[in-house]
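So you can see what is in the structure, the chains are spelled out below.
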Amino acid sequence: MNPVYIVDSIRTPRARVKNGGLNKLNPYELLDVLYKDIRQKNFLDLCSIDEVILGCVTQYGEQAGNIAKASALYSKYPDSISGLTVNRFCSSSLDAINLGYLKIQSQQANNVISGGVEMMSRIPMLSDDAAIWNDIEIAGQAKIFLMGSGADLIASLFDISRDKVDRQALQSQQKAFNAQKNNHFKSIVPVINKNKSVYCVEDECIRPDTTIESLASLDPSFKKLGEQGVDQAQLNFFPSLKEIVHVHTAGNSPAMADAASITLLSNKEIQENGQKARARILSVATVNDDPLLVLSGCMLATQEILSQNNLKVADIDLFEIHEAFASTMIHCQKELKIDDTKLNVNGGCIALGHPMGATGSIMVSTLIDELERRDLKSGIVATSGAAGAGTALLIERI
């Protein structure tokens, strides 16, 4: 089996959805910034790239039509490159990397561009009008609930209070602001488009003025949805619960965002231009937890990849685990017993933003940046998707 190396992992800034710095660009124009960056670095002959695999959750409108293949053509990459767009909910771009890993490992490919895109300001979440989100009969039969309802269920099942989730959100904001202030995010590629007056060079979703008091003042976001029948449906599945507590607000939920990300994979450690790869992928894992828990997959995926490699939490230097909602992160950290000093050390999606189809690959770039900055060796990225989906990746810095 071929070894699989991460040659580079880059991303755009994460921009706010409302009045954000990227919303004048379509997904093709945004991805083109990253394609150009890879081209200019001249790691290899572009004709040696076998496939582009991109994650995208809302494949509708501008993001429909196999955007992986279409965007490569738009950016004038060779016609010979195949394209595949994947959707495993919020795990999509990490699954894109894992698929690229498996193709190279099994000698079906030599070089693969993986990553993802999500322009949530232009193609809003749920705009594809999927029945599983709109038809309560279908949703109940499939045991699928919206992510926020799942987060409130986790808080209810594991006695996670409003104060705890707000403090988790505050910690995320503080870590992210510190990272941005100290230039920890080295893999950001600035997005500058003079024709459309776009100048976006850093993550926009961080709110450094956040306080525990400002978080406490926000109203629950998913209480009304619960009153419309979701609470009762969840209670029917979990009769031991007396009620669903609604603790998640706009302040302790992941911020919607626009962004794109690319992770270039290769079977060679040294590229044609002499550049050494940044990391090696040692193992991947895909799992599915109880769909009713919605967002618990990141915890199960982390446990699975540790077990596959006969490792313990103490053996890993850094973890980037999907901060899908505050309660999910609190429960995951408690169960896995990961110390704050090695978990999401530069903040999570609550502060930094969650462009769904791009987040996993962004987390890979963040992890590699931090391993390099601290001169550390090993790291795990794990993501959650809806319906209990979970994906994980174990890497070793070179």
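Residues numbered from 1 in each chain as written. Predicted model: local features only at pLDDT ≥ 70, side-chain atom pairs only at ≥ 80, totals over all residues. Heavy atoms only, no water.

1. Let's talk about empty space enclosed by the protein
- Inspection of every chain in the model, using the stated rule, returns two cavities of 30 Å³ or more.
- Roughly 70 Å³ of volume is contained in the largest cavity.
- Gln168, Gln171, Ser172, Lys175, Glu323, Met329, Gln333, Asp340, Leu343, Asn344, Gly347 and Gly348 together form the lining of the largest cavity.
- Of all the secondary-structure elements, those providing two or more residues to the lining of the largest cavity are α7 (162–181) and α11 (326–336).
- With four residues, the top contributor of residues to the lining of the largest cavity is α7.
- Residue composition of the lining of the largest cavity, grouped by class: two nonpolar, seven polar and three charged.
- Roughly 60 Å³ of internal volume is contained in the second largest cavity.
- Looking at the second largest cavity, the residues that line it are Arg14, Glu320, Ile321, Glu323, Asn344, Gly347, Gly348, Cys349, Leu352, Met363 and Thr366. (1 Å grid on protein atoms, 1.4 Å probe; cavity = no way out; pocket = protein on both sides within 12 Å on 5 of 7 lines; lining within 4 Å. Points joined across faces, edges and corners; volume = space filled by probe spheres on them. Helix = DSSP H or I, 4+ residues; strand = E, 2+ residues; numbered from the N terminus. Nonpolar A, V, L, I, M, F, W, Y, C, P; charged D, E, K, R; others polar.)

2. What about a nonpolar patch on the surface?
- Together, Leu84, Leu99 and Leu102 line one region of the surface with nonpolar side chains, adding up to about 210 Å² of accessible area.
- When you line up the elements, Leu102 lands in helix α3 (residues 92–105). (Patch = residues over 30% accessible without salt bridge, like charges linked within 9 Å, V, L, I, M, F, W, Y side chains within 5 Å. Areas by Shrake-Rupley, 256 points an atom, 1.4 Å probe, with all protein chains shown as cover. Salt bridge = Lys/Arg side-chain N within 4 Å of Asp/Glu carboxyl O.)

3. Describing the packing of aromatic side chains
- Summed over all chains, the structure comprises five aromatic pairs.
- Ring geometry for Tyr28 versus Tyr74: centroids 5.6 Å apart, planes at 50 degrees, classification tilted. Residue Tyr28 is located in helix α1 (residues 27–41), and its partner Tyr74 is located in helix α2 (residues 67–74); the two are separated by 46 residues in the primary sequence.
- Summarising the aromatic geometry, the rings of Phe222 and Phe325 are spaced 6.0 Å apart at their centres and angled 70 degrees between planes, so their arrangement reads as edge-to-face. Placement of the pair is Phe222 in the loop between α8 (212–216) and α9 (223–237) and Phe325 in the loop between β10 (318–321) and α11, with a sequence separation of 103 residues.
- Over the aromatic face of Phe185 sits the side chain of Arg11, whose NZ or CZ is 5.3 Å from the ring centroid. (Phe/Tyr/Trp six-rings, centres within 6.5 Å; stacked < 30°, edge-to-face > 60°. Lys NZ or Arg CZ within 6 Å of the ring centre and 35° of its normal.)

4. Some points on the packing of α1 against α2
- Interhelical geometry of α1 versus α2 gives an angle of 65 degrees and a closest axis separation of 9 Å. Relative to α2, the element α1 lies roughly perpendicular. Two packed elements cross with a definite hand, and for α1 against α2 that hand is right-handed. Across the interface between the two elements, Pro27, Tyr28, Glu29, Leu31, Asp32 and Tyr35 from α1 touch Ile67, Ala68, Ala70, Ser71, Ala72 and Tyr74 from α2.
- Grouping the constituent residues of the contact of α1 with α2 by class yields nine nonpolar, one polar and two charged. (Axes fitted to C-alpha atoms, helices over the stretch in contact; angles between N-to-C directions. Parallel < 35°, antiparallel > 145°, perpendicular 65-115°, else oblique. Left-handed = near helix turned anticlockwise from the far one by under 90°. Contact = heavy atoms within 4.5 Å.)

5. Quick notes on helix α6 (residues 147–157)
- For α6, the tally of buried residues reaches 10 of 11 residues, placing the bulk of the element in the interior.
- Burial in α6 covers these residues: Met147, Gly148, Ser149, Gly150, Ala151, Asp152, Leu153, Ile154, Ala155 and Ser156.
- Next to the buried residues of α6 lie α4 (131–134), α9 and α11.
- At the exit of α6 stands Asp159, carrying a positive phi of roughly 55 degrees. (Buried < 20%, exposed > 50% of the residue type's maximum accessible area, 1.4 Å probe, protein only.)

6. Section: the layout of surface pockets
- Approximately 1,000 Å³ is the volume attributed to the largest pocket.
- Looking at the largest pocket, it is lined by 35 residues, and the ones nearest its centre are Ala250, Ser253, Pro254, Ala255 and Met256.
- Of all elements in the fold, only α6 and α8 reach the threshold of two or more residues within the lining of the largest pocket.
- Looking at the lining of the largest pocket residue by residue, the classes come out as 21 nonpolar, 10 polar and four charged.

7. Things to note about the nonpolar core
- The biggest cluster of nonpolar side chains holds 34 residues, and the ones touching the most others in it are Leu22, Tyr35, Val52, Tyr77 and Ile113.
- For this core, the elements supplying multiple residues, two or more each, are β1 (4–11), α1, β3 (51–55), α2, β5 (111–119), β7 (198–200) and β8 (257–266).
- No other element matches the six residues that α1 contributes to this core. (Core = buried A, V, L, I, M, F, W, Y, C linked by side-chain atoms within 4.5 Å.)

8. Section: the confidence of the model for the chain
- Mean pLDDT over the chain stands at 97; residues scoring 70 or higher make up 100%.
- Across the chain, element-level confidence peaks in β3 with a mean pLDDT of 99 and bottoms out in helix α5 (residues 136–142) with 87. (pLDDT = per-residue confidence, 0-100.)

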